[in-house]
Amino acid sequence: MSRERILGAVVLLALGLVPLAAHVMGEPFTITLATRAAILALAAVGLNIALGIGGLVSLGHATFFGIGGYAMGILASHVQNYEPMFEWPFLFEGSTSMPFIWLVAVLVSALAALLIGLLALRTSGVYFIMITLAFGQMFYFFSISWSAYGGEDGLSIYVRNGFPGLNTLDPIQFFGLCYAVLCLVLLGAHLLARSPFGLALGAARQSPDRVQAVGLDPKRLRLVGFVISGAITGLAGALFADLNRFVSPTMFSWQTSGEIMVFIILGGVGRLFGPVVGAAVFVMLEHFLGDMSEFWHIWLGLLLLAVVLFARGGLVGLIAGREKAHD
Amino acid sequence: MTEPVLETRGLVKSFGALRASDGITLDLRPGEIHAVIGPNGAGKSTMIKQLSGNIAPDEGTVHFLGRDVTGLSTMARARAGLARTFQVSALAMEDTVLQNAVLGALGASSSPYRFFRPALKRAELRDRAMAALERMGLADHAATVVSELSHGQRRQLEVAVALTLQPKAFLMDEPMAGLGGEGSQHLTGILDRLRAEAPILLIEHDMDAVFALADRISVLVYGRIIATGTVEEIRRSPEVRDAYLGDAS
């Protein structure tokens, strides 16, 4: 087993065991922190497919995170307020079923990623960054002005949505659910990186001319990668809204996009467990340093600077060394 | 006479006032190596880009296997069996030799949208890739990351990736570029055997290689083909000597 796999197993195990210990000791807040880390990690696993494999520096992944969040918020708010969402062609009263909400979150963010990708992927480099950022800002201001769903104040959801067989109001059960989703998506990301698609998308980043010369279309590969990436981040958004029982335009803000990217850079771009390590470190810093000073971002900034200057493979690269070639 | 595999008729391409291709007509016949030589700035790169589909000609046509491919993209031409190697190695540098070859096999099977089973565990892709690597003498380096290969090995990998496409014709843009005497001789031997499989349109500066390999040579000067013929005919041609060989050697 490579060092990277051992590191990944340790990180996943720790992320699973800490909340269990907290549950036994009766400290629900720690469970909430771990849940937050798992969900943010999931969002970054999504971005890591576009950024790490495809080399697509998207500064607009908050778009998908927010879409996932509002998918949950809108569907649940109709149930909460007893106002049908629409009555034609059939009566639809909204939903508080997590699997259904997740499906909607994934489909709508995939559709958004398709439309944004069709436009943004015509450009590259700094223009791609700017276009994805611009789309994020459009959704941000749209959500502020959409008063039907809370506008600037956001939407509070008093109920927690249900999952068959689980009591999702119990912090440890909700954590378990998020953790299971994260593990499944990590498995998927692991397979994807080694699949024919992952190989071709990675080659399209490194040498688009070569990819074309063997008859494959780099643009289409990137578009499919961007859609998968956006869909995963959208799913994370739905879970994040459920964790907070609150959705607001902040989820669409460019700071959110930046933070998701920071998780990846901190943990290791293109490394399977990079997003998990990055999100966990971020949540811990936010908690411990945030207690001491509201200017804790200074320390995050210094850490980020150190990683970028001295550990290009992120924390995973620092600990596990250079990535071994896939077998 | 047999039908040419690849044929251009009256290719014209201008960049502003510069006519980089000024009515290029040439053909590539089955089983041959057809070398195109010419001084720097003669328009060799512009010509090959029009053949591969990277740029569109202003006038003229490109026919491949009897079909007009002038309007087709690089990808479509590659899928039809036109394999290209690059002057400056275009490889996935962070990937292994085998992964690069599998990419070629993947292009040939034209179904990259498969997301679960690892590419390297798919026998159909792996076998095809390994066969190409073996032929280029790279099988022992299958697990090496490309950035750790020597320059010469990268040039061989360029050809190996082209081989995985099982092409109907090769377009080779200075395959010998940067190779030393020994490397160049080795690759010359390989290309010599390759022509039986598919004809090669060879752009090359290395005159020893060209004279050793070419069945026919075309001389490109200022966007025009000034002569086409066998090695002997070209060596003896006074125009060619004036335009090119004279001041080059």
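Residues numbered from 1 in each chain as written. Chains lettered and ligands numbered in written order. Predicted model: local features only at pLDDT ≥ 70, side-chain atom pairs only at ≥ 80, totals over all residues. Heavy atoms only, no water.

Q: Break down the overall build of chain A for me, with residues and values.
A: From N to C terminus, chain A includes 13 helices and two strands. Relative to a compact globule of 327 residues, whose C-alpha radius of gyration would be 20 Å, chain A shows 19 Å and is just as compact. Taken along the three principal axes of its C-alpha coordinates, chain A extends 55 × 50 × 40 Å. Out of the 327 residues in chain A, the part that is buried amounts to 54%. In chain A, the proportion of contacts linking residues at least 24 apart, taken out of those at least 6 apart, comes to 77%. Here chain A holds 16 positive side-chain charges and 17 negative ones, and the gap between their average locations is 18 Å. (Helix = DSSP H or I, 4+ residues; strand = E, 2+ residues; numbered from the N terminus. Rg over C-alpha atoms; globule rule 2.2 N^0.38 Å. Buried < 20%, exposed > 50% of the residue type's maximum accessible area, 1.4 Å probe, protein only. Contact = heavy atoms within 4.5 Å. Lys, Arg positive; Asp, Glu negative; His and termini not counted. Charge placed at Lys NZ, Arg CZ, Asp CG, Glu CD.)

Q: Just give me the short version of the side chain of R84 of chain B, but keep the residues and values in it.
A: Inspection of the secondary structure assignment puts R84 of chain B in strand β6 (residues 82-85). It turns out R84 of chain B is buried and unbridged, and the closest side chain with the opposite charge, D173 of chain B, is 4.1 Å from it. (Salt bridge = Lys/Arg side-chain N within 4 Å of Asp/Glu carboxyl O.)

Q: Residue-level account of the nonpolar core, with values.
A: With 150 residues, the main nonpolar core has L42 and F226 of chain A together with L133, L157, F170 and L191 of chain B as its most contacted residues. Split by domain, the residues of this core number at least three in each of domain 1 (6-81 + 167-248) and domain 2 (93-150 + 159-164) of chain B. If near-sequence neighbours (up to four positions away) are discounted, L191 of chain B is found in contact with I33, M172, P175, M176, I200, L202 and L213 of chain B. Ranked by size, the runner-up nonpolar core spans 21 residues in total, among them V36, M47, I203 and L220 of chain B. (Core = buried A, V, L, I, M, F, W, Y, C linked by side-chain atoms within 4.5 Å. Domains from an automatic or database assignment.)

Q: An account of the packing of aromatic side chains is needed here, citing residue identities and associated values.
A: A full pass over the atoms with the stated rule returns 17 aromatic pairs over all chains. Aromatic pair F175 of chain A and Y179 of chain A: ring centres 5.4 Å apart, planes at 25°, arrangement stacked. Residue F175 of chain A and its partner Y179 of chain A are located together in helix α6 (residues 171-194), separated by four residues, close to a single helical turn. Summarising the burial analysis for this pair, F175 of chain A and Y179 of chain A share the class buried. One residue, R235 of chain B, lies across the ring of F211 of chain B, its end atom 4.2 Å from the ring centre. (Phe/Tyr/Trp six-rings, centres within 6.5 Å; stacked < 30°, edge-to-face > 60°. Lys NZ or Arg CZ within 6 Å of the ring centre and 35° of its normal.)

Q: Explain the domain arrangement of chain B residue by residue, including any values.
A: All names here are of chain B. Entries for chain B in the domain assignment read domain 1 (6-81 + 167-248) and domain 2 (93-150 + 159-164). For domain 1 and domain 2, the distance between their C-alpha centres works out to 27 Å. Between domain 1 and domain 2, the residue contacts involve eight residues of the former and six residues of the latter. Between domain 1 and domain 2 the total buried area reaches about 590 Å² when both faces are included, carbon and sulfur atoms providing 71% of it. Remark: the boundary between domain 1 and domain 2 carries one salt bridge. Of the charged contacts in the structure, one is a salt bridge between E197 and R135, with a shortest N-O distance of 2.8 Å. One can count one residue pair in polar contact (both at pLDDT 80 or more) joining domain 1 with domain 2. Counting only elements with at least two residues in the side of domain 1 that touches domain 2, the list comes to β7 (169-173) and α6 (181-194). (Buried area = accessible area lost by both parts, 1.4 Å probe. Polar contact = N/O pair within 3.5 Å; in protein donor to acceptor, adjacent residues only side chain to side chain.)

Q: Go over unusual backbone geometry, please, and point to the residues and values.
A: Here W88 of chain A and P89 of chain A are connected by a cis peptide whose omega angle stands at 5°. Note on placement: P89 of chain A falls in the loop between α3 (62-81) and α4 (98-120).

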